[in-house]
Amino acid sequence: MSFTVRLICYALIPLAVSGVLSYIKSRSEKHSPKEKFESVHLPPFVAVLGAVCSALFLIPTVITSFHVEETGWFAVLCFLFFALLGASLTVAYFNCRIEYDDDGFTHKSFFGIKRRYIYGDLTGIRHNVHETYLFIGKKRVLVDGLALNGIDFVAFARKKYRTLNDGNALPTVKPKKDIFKGNVKGSGELVFVYSLISVLLIGLNIYCAYELFKPYDKADFELSNVFLAEYKYVEEDLVMQGSDGREYRIRFIESDFDTSAVEAVCDGKTDLFVYFNKITPDHKEPFYAVGAIEKDGEILVGFDKTKHMVINEQWPVLVVTGSLLLIWTLLFAVTVYVGRNPKKFSRRFVKLFIKEEHLNF
């Protein structure tokens, strides 16, 4: 998987080069003596923002992919996601364009595919809060609310349609399936945002549950053959000084855990095998969390016991993330109910869940 991540990272380099070449080409075409077309495209700051985000997140993506044993795949994939998101903004600036004239318009998609349409091909229009869709049969063309010349193009397209259709206005296309029954503008955007956050919260809960409850395995720990010279208790931890200079800790000691067997071997001469992971707290010296301790094949502290104590200490984290998911789900359910039945409530109450500009009743 690390090879795949690095391959994607390296693929972003030619993608950036391609963007630069597209820019040079677009500039050269702009100054060529060809017939002038009006252009609808995203503002330049989108390209700049995308390039900056891509660069900022690409660097830690590459670094963490080479140290995945320490950082974990979750960090690598998060950095990679935002790097790709930034790159997509840059690609969208150069590729997502509409050029129009008196006869029709040419739409260029995110993937650079061009299609030519005439105004007589238009079959409908749909206005959302942040974008407008022009329909050509089953196909549709997105005009983003941020796009330069977007408003002028939509107005021109509607005017040309009326001219070609005896003054009849371009029909408004309503969503076939609308969870809010047409009472909310841009309902798809609202559902997408709620769904995206829900997916992120579900993913966070799954990740926390997996990290919390997955059993310890020897392969997940380093092994050291040491003597333990002395011990002390620091808050809930049993801290032991190893002959190798490391500070070993059995974390989150419970009241029913008998530590006498461990204390007895902290004499500086008993040969022990200690399974551990290095922990580096913020602004503190690193220490080595003990997973298990063995003496001559005898288990003094087992993986099951140390894992059990960690679970008992950290389970509130899962309660918090689960509560956030539950609250968000209830909020989504109430928003849908209010959006489907807005006339049952005062407009002020409805605006607690749906913004004024989204209301369509």
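Residues numbered from 1 in each chain as written. Predicted model: local features only at pLDDT ≥ 70, side-chain atom pairs only at ≥ 80, totals over all residues. Heavy atoms only, no water.

Trainee: Looking at this structure, how should I read the nonpolar core?
Mentor: With 22 residues, the main nonpolar core has Met240, Tyr248, Ile250, Val262 and Ile293 as its most contacted residues. Among the elements of the structure, β10 (237-242), β11 (247-250), β12 (272-279), β13 (287-295), β14 (298-301) and α8 (303-340) are those that each provide at least two residues to this core. Aside from chain neighbours lying at most four places away, what touches Ile250 is Glu236, Asp237, Leu238, Met240, Phe257, Val262, Val290, Ile293, Val301 and Met309. Membership of the second largest hydrophobic core comes to 18 residues, among which are Ile98, Tyr100, Ile136 and Leu170. (Core = buried A, V, L, I, M, F, W, Y, C linked by side-chain atoms within 4.5 Å. Buried < 20%, exposed > 50% of the residue type's maximum accessible area, 1.4 Å probe, protein only. Helix = DSSP H or I, 4+ residues; strand = E, 2+ residues; numbered from the N terminus. Contact = heavy atoms within 4.5 Å.)

Trainee: Looking at this model, I keep getting lost on the layout of surface pockets. Mind explaining?
Mentor: Gaps between atoms show up when a probe of the same size as a water molecule is rolled over them. The volume enclosed by the largest pocket comes to roughly 1,200 Å³. As for the largest pocket, its lining consists of 32 residues, and the residues nearest its centre are Glu211, Lys214, Tyr216, Asp220 and Asn277. Every element with two or more residues in the lining of the largest pocket is listed here: α3 (68-71), α4 (73-95), α6 (187-213), β12, β13 and α8. A per-element tally of the lining of the largest pocket places α8 first, with six residues. (1 Å grid on protein atoms, 1.4 Å probe; cavity = no way out; pocket = protein on both sides within 12 Å on 5 of 7 lines; lining within 4 Å. Points joined across faces, edges and corners; volume = space filled by probe spheres on them.)

Trainee: Would you explain the sheet that holds strand β7 (residues 139-144) in this entry?
Mentor: The strands that make up a sheet are held in pairs by hydrogen bonds between backbone atoms, and each pair lies either parallel or antiparallel. Strand order in this open sheet of three strands is β5-β6-β7, and the pairing throughout is antiparallel. With one partner strand each, in any of the chains shown, β5 (124-127) and β7 form the two edges of the open sheet. Across the sheet, the mean angle from the axis of one strand to that of its neighbour is 20°, orientation sign disregarded. Of the strands in this sheet, β5, β6 (131-136) and β7 touch helix α5 (residues 150-164), which is tilted by about 145° from β5. (Pairing = 2+ DSSP bridges. Axes fitted to C-alpha atoms, helices over the stretch in contact; angles between N-to-C directions.)

Trainee: Could you clarify how one ought to interpret the pattern of salt bridges in this entry?
Mentor: Pairs may arise between side chains of opposite charge once their charged atoms sit close together. Under the criterion given, the structure shown has nine salt bridges. The partner of Glu211 in a salt bridge is Lys214, with the nearest N and O atoms 4.0 Å apart. By relative accessible area, Glu211 is classed as partly exposed at 32%. The exposure class assigned to Lys214 is partly exposed, which follows from its relative accessible area of 28%. (Salt bridge = Lys/Arg side-chain N within 4 Å of Asp/Glu carboxyl O.)

Trainee: Explain unusual backbone geometry to me, please; I cannot follow it from the model alone.
Mentor: Most peptide bonds are trans, and most residues other than glycine sit at a negative phi. At Glu235, a position not held by glycine, the phi torsion is positive, near 55°. On the basis of relative accessible area, Glu235 is assigned to the exposed category, the value being 80%. Its identity as a non-glycine residue notwithstanding, Phe252 has a phi of 60°, on the positive side. Position of Phe252 relative to the elements: it lies in the loop between β11 and α7 (260-264).

Trainee: What should I look at first to understand the pairing of β14 in this one?
Mentor: Where a strand is regular, its side chains alternate between the two sheet faces. Pairing analysis gives three bridges linking β13 to β14, with the strands arranged antiparallel. Bridging across to β14, Glu294 finds its partner in Ile299. A loop of two residues connects β13 with β14, the two strands running antiparallel in sequence, and Asp296 in this loop sits at a positive phi of about 50°.

Trainee: I would appreciate a short explanation of the packing of aromatic side chains in the present structure.
Mentor: The geometry of two aromatic rings is summed up by the distance between their centres and the angle between their planes. As enumerated under the stated definition, the model contains 23 aromatic pairs in all. Between Phe276 and Tyr288 the ring centres are 5.5 Å apart and the planes differ by 80°, which places this aromatic pair in the edge-to-face class. Placement of Phe276 in strand β12 and of Tyr288 in strand β13 is noted, with a sequence separation of twelve residues between them. No difference in accessibility class separates Phe276 from Tyr288, as the two residues are buried. (Phe/Tyr/Trp six-rings, centres within 6.5 Å; stacked < 30°, edge-to-face > 60°.)

Trainee: Would you mind showing me how to read the sheet that holds strand β1 (residues 38-41) here?
Mentor: Spatially, four strands are ordered β1-β2-β3-β4 in an open sheet, and the strand pairing comes out antiparallel. Strands with a single pairing partner mark the edges of an open sheet, and in this sheet they are β1 and β4 (114-118). Taken over all neighbouring pairs, the strand axes of this sheet differ in orientation by 20° on average, direction set aside. Strand direction decides the pairing type here: strand β2 (residues 97-100) and strand β3 (residues 104-108), joined by four bridges, are antiparallel. Considered in β3, the bridge of Arg97 is made with Lys108. Contacting β1, β2 and β3, α4 crosses the sheet at an angle of about 10° to β2.

Trainee: Please explain the environment of Thr163 as it appears in this structure.
Mentor: Tracing the backbone shows Thr163 in helix α5. Taking the relative accessible area as the measure of exposure, Thr163 reaches 57% and is therefore exposed. Along the chain, Thr163 and Gly120 lie 43 residues apart, while their C-alpha atoms are 9.5 Å from each other.

Trainee: What should I look at first to understand a nonpolar patch on the surface in this one?
Mentor: There is a patch of nonpolar side chains on the surface, built from Phe192, Val193, Leu196 and Leu200 and spanning about 400 Å² of accessible area. Residue placement: Leu196 occurs in helix α6. Judged by its relative accessible area of 40%, Leu196 is partly exposed. (Patch = residues over 30% accessible without salt bridge, like charges linked within 9 Å, V, L, I, M, F, W, Y side chains within 5 Å. Areas by Shrake-Rupley, 256 points an atom, 1.4 Å probe, with all protein chains shown as cover.)

Trainee: Which parts of the structure should I look at to understand the confidence of the model for the protein chain?
Mentor: As a note on interpretation, predicted positions should not be read in detail where pLDDT is low. Predicted confidence across the protein chain gives a mean pLDDT of 85, with 89% of residues reaching 70 or more. Note on residues 17-35: pLDDT is under 50 here. Beyond four places in sequence and across chains, it has three contacts. (pLDDT = per-residue confidence, 0-100.)

Trainee: Looking at this model, I keep getting lost on the pairing of strand β9 (residues 228-234). Mind explaining?
Mentor: Bridge count between β9 and β10: six bridges; the pairing is antiparallel. Following the sheet pairing, Tyr233 is matched in β10 by Leu238. Counted between consecutive antiparallel strands, the loop separating β9 from β10 contains two residues, among which Glu235 sits at a positive phi close to 55°.

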